[in-house]
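Structural characterization, general
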Amino acid sequence: MEGAQRLREDYPWIQTPLVVGAPMRLIALADMAVEISKAGGLGFIGVGTDTSNLSSDLQAAAKLIEKSSLTMNHDVMPIGIGFINWGADLDTAISLIAQYRPAAVWFFAPTSISSLCEWTAQTRKASSRTKIWVQIGSMKEAAEVMHAARPDALVVQGTDAGGHGLVQGASLITLLPEVSDNVYAMCKEEGISPAILIAAGGVVDARGAAAALALGASGVVLGTRFLASPEANISKGYRDEILRASDGGQSTARSKVYDNLRGTTGWSETHNARGVINKSYVDAMSGMDEEENKKLYEEEMKKGDAGWGFEARMTTYAGSGVGLVREVKPAGDIVREVRDGSTAVLEGLRGSPIEVKL
Ligand SMILES: Cc1cc2nc3c(=O)[nH]c(=O)nc-3n(C[C@H](O)[C@H](O)[C@H](O)COP(=O)(O)O)c2cc1C
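Basis of the calculations
Residues numbered from 1 in each chain as written. Predicted model: local features only at pLDDT ≥ 70, side-chain atom pairs only at ≥ 80, totals over all residues. Heavy atoms only, no water. Salt bridge = Lys/Arg side-chain N within 4 Å of Asp/Glu carboxyl O. Helix = DSSP H or I, 4+ residues; strand = E, 2+ residues; numbered from the N terminus. Buried < 20%, exposed > 50% of the residue type's maximum accessible area, 1.4 Å probe, protein only. Near = heavy atom within 4 Å. Polar contact = N/O pair within 3.5 Å; in protein donor to acceptor, adjacent residues only side chain to side chain. Areas by Shrake-Rupley, 256 points an atom, 1.4 Å probe, with all protein chains shown as cover. Nonpolar A, V, L, I, M, F, W, Y, C, P; charged D, E, K, R; others polar. Pairing = 2+ DSSP bridges. Axes fitted to C-alpha atoms, helices over the stretch in contact; angles between N-to-C directions. Contact = heavy atoms within 4.5 Å. Arc of directions from axis to C-beta.

Structural notes on the pattern of salt bridges
- Using the criterion set out here, one finds 17 salt bridges in the structure.
- Of the charged contacts, one joins Lys140 and Glu144 as a salt bridge, the two residues approaching to 3.5 Å between their closest N and O atoms. Within this pair, Lys140 and its partner Glu144 are both found in helix α6 (residues 139-149), separated by four residues, close to a single helical turn.
- On the basis of relative accessible area, Lys140 is assigned to the exposed category, the value being 60%.
- The shortest N-O distance in the salt bridge between Arg313 and Asp283 comes to 2.6 Å. Separated by 30 residues along the polypeptide, Arg313 in the loop between α14 (290-300) and α15 (331-351) and Asp283 in helix α13 (residues 279-285) bring together distant segments of the chain. You'll find Arg313 and Asp283 in the same group, each marked buried.
- Within this structure, Arg225, Lys329 and Glu337 form a network of salt bridges that share partners.

Below you can see the structure in the form of structure tokens.
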């Protein structure tokens with residue numbers, strides 16, 4: 001069955017091409033997830049490694065859904081929940097998945113493939129209609145995950161992505177078609193249904209979304225773009241820095257510096273995170289002692305919104321598409337703009353004859 005059709009069957013409220021809200025830890029909460037789904041996308045609550053607020057986030061989401069035009073099909077909640085598996089508590093997660101039955105769960109960075117299989121098996125037992133999404137960043141990861149856990153969707157994350165991802169990676173333009181070819185070949189050989197492929201990393205507007213669809217994705221994830229929406233749970237300083245930064249290949253970097261300063265350690269050596277370059281990063285690269293850098297970071301926390309900026313020290317996780325984020329826009333409007341625009345871009349291409357020379 002074609003990807004878009006499968007998506008419409010699995011998530012009956014969506015419109016295609018599917019626009020997905022990334023489960024940004026502590027930033028994408030009930031408001032954002034529900035607004036994205038209300039607009040025909042799929043919104044995820046970003047739990048990250050700490051499940052302690054998940055129950056109240058889900059309660060808040062349930063109330064918002066009740067007041068909206070969204071319906072609960074087969075008692076399934078029309079939003080997803082995203083976990084960073086290496087730190088999240090499995091028992092709490094599973095009991096809430098059983099209670100709320102989200103349309104999808106999104107797993108990322110498990111400690112091992114066997115741990116991922118444990119999360120997957122328990123989720124399926126707790127809520128059989130909940131679809132399993134796993135975010136991967138390489139062809140090797142895609143093959144291992146597909147083989148062992150048989151997820152419903154693979155989120156293929158290219159190295160332009162904001163926040164955490166593989167230290168060593170490739171952009172979507174090469175990663176996605178290679179993953180697609182290999183996953184389809186492998187699934188054919190093993191006689192299993194291939195996962196839906198969803199693209200993440202550097203998709204900010206309709207042009208990027210159209211490109212990802214052309215590369216073989218059935219839907220796109222936006223993280224950085226949603227940081228500039230009123231629903232993002234971030235401070236004004238963070239949002240202003242997102243709007244200020246441009247030329248993301250130069251103004252952002254992948255690093256472990258920000259995690260080390262913030263104390264969000266526990267990530268494996270294989271992962272780091274992309275953020276806007278600031279004074280903490282420049283000082284670390286110039287050899288400043290980590291303790292000294294941390295002290296300066298902690299001082300900066302007292303400055304409020306003034307703590308963000310090129311000459312400041314608070315962390316601005318964002319992808320290399322940050323320069324394309326130029327205005328604050330409601331999350332639902334972003335979903336509609338990107339979805340309708342990507343269709344228009346693709347139709348426009350069809351209209352103009354393109355000569356392909358090999
Ligand atoms: C601020 C921020 C926080 C993020 N937090 C998470 C997270 O908690 N879990 C996760 O799986 N991915 C997280 N991501 C990565 C996204 O899932 C996604 O891969 C990425 O945002 C896509 O690239 P883009 O930022 O260029 O849109 C985060 C991204 C950002 C920008």
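So, next bit.
Description of unusual backbone geometry
- Of note, the bond from Thr16 into Pro17 is cis; its omega dihedral lies within 30 degrees of zero at 0°.
- Tracing the chain through its elements places Pro17 in the loop between α1 (3-10) and β1 (18-21).
- Phi angles above zero are rare outside glycine, and Asp75 is one such case at about 65°.
- In this structure, Asp75 sits in the loop between α3 (54-67) and β3 (77-84).
- Notably, Ala109 is not glycine yet its phi reads approximately 55°, a positive angle.

A few points about the site of the ligand
- Within the structure, the ligand sits among 22 residues, and Trp106, Gln135, Gly202, Gly223 and Thr224 are positioned closest to it.
- One of the backbone N or O atoms of Gly201 is found 3.3 Å from an oxygen atom in the ligand.
- The separation between an oxygen atom of the ligand and a polar main-chain atom of Gly202 is 2.8 Å.
- Against a free-state accessible area of 590 Å², the protein chains account for coverage of 97% of the ligand.
- Looking at the shell around the ligand residue by residue, the class counts come to 13 nonpolar, eight polar and one charged.

Some remarks on the sheet that holds strand β7 (residues 163-166)
- Read across the open sheet, the three strands follow the order β7-β11-β10; overall the sheet is antiparallel. At either margin of the open sheet sits one strand with a lone partner, and together these are β7 and β10 (252-255). The average undirected angle you get between the axes of adjacent strands in this sheet is 30°.
- Pairing geometry for β7 and strand β11 (residues 271-276), over four bridges, is antiparallel. By the bridge assignment for β11, Gly165 is matched with Asn272.

Examining helix α10 (residues 236-244)
- Buried within α10 we find Gly237, Tyr238, Arg239, Glu241 and Ile242.
- Buried residues along α10 sit in contact with α9 (224-227) and β11.

Things to note about helix α4 (residues 90-100)
- Burial in α4 covers these residues: Leu90, Ala93, Ile94, Leu96, Ile97 and Tyr100. Along the axis of α4, the buried positions cluster into a sector of 165°, meaning they face one direction only.
- Taken together, the buried residues of α4 touch α3, β3, β4 (102-108) and α5 (113-126).
- Among the residues trailing α4, Arg101 stands out with phi positive, at a value near 45°.

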